[in-house]
Amino acid sequence: MEISGRRIWQVAAGDSERNYAKLCLEWDVILNGRSGWGLSCKLADLERFCEEVKEGDLVVLRVGTAEVYWVGEVVGGYIWHEESATLTAGTCST
């Protein structure tokens, strides 16, 4: 896989107690939640991802700090699914 000149995003799919990797892979989505983070930091991360992710970027899906589940290529832009939005989570589809 050629990576030069491509943006690489690292996305967490939970931790050892909350593993959402299977869900992300099954539905072909990236999930972004806000609990457990300083709100302003996480919102800045979400805003940057949603505004800057583009087709051809690479995504590394990990769980915790030691397990990488998947590496893939973005095939579309950011999509907000209002019906999935709550105060603690939303979904981005790639």
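Residues numbered from 1 in each chain as written. Predicted model: local features only at pLDDT ≥ 70, side-chain atom pairs only at ≥ 80, totals over all residues. Heavy atoms only, no water.

**A closer look at the nonpolar core**
- By size, the foremost hydrophobic cluster in this structure holds 12 residues: Trp-9, Val-11, Ala-13, Ala-21, Cys-24, Ile-30, Phe-49, Val-53, Val-59, Leu-61, Val-63 and Val-74.
- Within the residue set of this core, elements represented by two or more residues are strand 1 (8-12), helix 1 (21-27) and strand 3 (58-63).
- Ranked by residue count, the leading element in this core is strand 3, at 3 residues.
- In this structure, Trp-9 is in contact with Arg-48, Phe-49, Glu-52, Val-53, Asp-57, Leu-58, Val-59 and Val-60, ignoring residues within four places of it in sequence. (Core = buried A, V, L, I, M, F, W, Y, C linked by side-chain atoms within 4.5 Å. Buried < 20%, exposed > 50% of the residue type's maximum accessible area, 1.4 Å probe, protein only. Helix = DSSP H or I, 4+ residues; strand = E, 2+ residues; numbered from the N terminus. Contact = heavy atoms within 4.5 Å.)

**Points about the sheet that holds strand 1**
- One open sheet holds the 3 strands; their spatial order is 1-3-4, and the pairing between them is mixed. The open sheet has two edge strands, strand 1 and strand 4 (67-73), and neither has a second partner. Shown here is a sheet whose adjacent strand axes are inclined to one another by a mean of 20 degrees, direction ignored.
- As paired elements, strand 1 and strand 3 share 5 bridges and run parallel to each other. Bridged to Gln-10 within strand 3 is Val-60. (Pairing = 2+ DSSP bridges. Axes fitted to C-alpha atoms, helices over the stretch in contact; angles between N-to-C directions.)

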